[in-house]
Amino acid sequence: MQVLDSLRGARRWLLLLLGAVALALLPWTAYLTATLPGRHVAHHWDLAWGGFDVFEAAALGATMVALHRRLPQLPLFAAIAGTALLADAWFDLLTSSPGDDLRWSLVEAFLAELPLAALCFWIAVDSDRALASAARASAADPPPTAPPGRPAEGRQRART
């Protein structure tokens, strides 16, 4: 019982901490917006974007594996992938130069990143339905009816 009480107390402290940080970020964001320069040359720009794209691919890959294997972590992976896609679209649009660069960023955002992010968020919110849909799509590979190594109730083991 004491463990439950300590967990409840920790939960309250975590709620207070997260709320305080969220509130503190509002004036900090206003300060940064007002004081940071509008232009900055970034070293290792190529590595930053390449690394982020690897993270994005890993998140999408984890979502795919979780969907295929019907893992309970599916909503988490899908939410991470959707968030990464939104961030990618946001930074692509805000860091692109006017002209062709901006046009290509808009095309990518509206035809690829944002629709895929919406799909990932749908999977995260409605993972039960997404898993059922994936199960229907892979009807040739039905889920096992009993844990591996154990016969289903009412059935005999196959003789070898």
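Residues numbered from 1 in each chain as written. Predicted model: local features only at pLDDT ≥ 70, side-chain atom pairs only at ≥ 80, totals over all residues. Heavy atoms only, no water.

Some points on helix H2 (residues 45-69)
Counting along an α-helix, one turn takes 3.6 residues, and residues three or four places apart therefore face a common direction.
Piece 1. Compared with the 36 Å implied by 1.5 Å per residue over 25 residues, the 36 Å span of H2 between its first and last C-alpha is a close match.
Piece 2. Those residues of H2 that sit buried are Trp49, Glu56, Ala59, Thr63 and Ala66.
Piece 3. Among the residues trailing H2, Arg70 stands out with phi positive, at a value near 55°. (Helix = DSSP H or I, 4+ residues; strand = E, 2+ residues; numbered from the N terminus. Expected span 1.5 Å × (residues − 1). Buried < 20%, exposed > 50% of the residue type's maximum accessible area, 1.4 Å probe, protein only.)

Description of the pattern of salt bridges
Piece 1. Per the stated rule, a full pass over the model turns up one salt bridge.
Piece 2. As a salt-bridge pair, Arg103 and Asp100 come within 2.9 Å of each other at their nearest N and O atoms. You can see Arg103 and its partner Asp100 sitting in helix H4 (residues 100-125), three residues apart, about one turn around the helix.
Piece 3. The exposure class of Asp100 is exposed, given its relative accessible area of 52%. (Salt bridge = Lys/Arg side-chain N within 4 Å of Asp/Glu carboxyl O.)

Considerations on the nonpolar core
Piece 1. In this structure, Ala66, Leu74, Ala78, Ile123, Ala124, Ala130 and Leu131 together form the largest nonpolar core, which totals seven residues.
Piece 2. When contributions to this core are tallied by element, the ones reaching two or more residues are helix H3 (74-95), H4 and helix H5 (127-137).
Piece 3. Sequence-distant contacts of Ala124, that is, excluding residues within four places in its chain, are made with Pro75, Ala78 and Ala79.
Piece 4. By size, the runner-up hydrophobic cluster in this structure holds five residues, among which are Ala59, Ala81, Leu85 and Ala117. (Core = buried A, V, L, I, M, F, W, Y, C linked by side-chain atoms within 4.5 Å. Contact = heavy atoms within 4.5 Å.)

Some words on the packing of aromatic side chains
Piece 1. Taken as a whole and judged by the stated rule, the model has four aromatic pairs.
Piece 2. Aromatic side chains Trp45 and Trp49 sit 6.0 Å apart centroid to centroid with 70° between the ring planes, which places their arrangement in the edge-to-face category. Placement of both Trp45 and Trp49 in helix H2 is noted, with a separation of four residues, approximately one turn of the helix.
Piece 3. Residue class for Trp45 comes out partly exposed when judged on its relative accessible area of 44%.
Piece 4. You can call Trp49 buried: its relative accessible area is 19%.
Piece 5. Centroid distance Trp49 to Phe52: 6.3 Å. Interplanar angle 90°. Geometry classified as edge-to-face. Here Trp49 and its partner Phe52 are both found in helix H2, three residues apart, which amounts to about one turn of the helix.
Piece 6. Ring pairing ties together the aromatic residues Trp45, Trp49, Phe52 and Phe55, which thus form one cluster. (Phe/Tyr/Trp six-rings, centres within 6.5 Å; stacked < 30°, edge-to-face > 60°.)

What about the side chain of Ser105?
Piece 1. By the secondary structure assignment, Ser105 is in helix H4.
Piece 2. The buried category is assigned to Ser105, whose relative accessible area is 8%.
Piece 3. Sequence-distant contacts of Ser105, that is, excluding residues within four places in its chain, are made with Asp92, Leu93 and Ser96.

Concerning H4
Piece 1. For H4, spanning 26 residues, the distance from its first C-alpha to its last is 36 Å, which sits close to the expected 38 Å at 1.5 Å a residue.
Piece 2. By the largest-angle criterion, Ala109 marks the main kink of H4, which is about 45°.
Piece 3. Of all the positions in H4, only Ser105, Ala109, Glu113, Ala117, Cys120, Ile123 and Ala124 are classed as buried. (Bend = angle between axes of the 7 residues up to and from the residue.)

Focus: the environment of Glu108
Piece 1. In this fold, Glu108 is placed in helix H4.
Piece 2. Residue classification places Glu108 among the partly exposed residues on the basis of a relative accessible area of 41%.
Piece 3. Once residues within four sequence positions are removed from consideration, Glu108 is found in contact with Asp92 and Glu113.

Here we look at the confidence of the model for the chain
Piece 1. Put simply, the chain has an average pLDDT of 86, and 82% of its residues get 70 or more.
Piece 2. The least confident element of the chain is H5, whose mean pLDDT is 74; the most confident is H3, at 96. (pLDDT = per-residue confidence, 0-100.)

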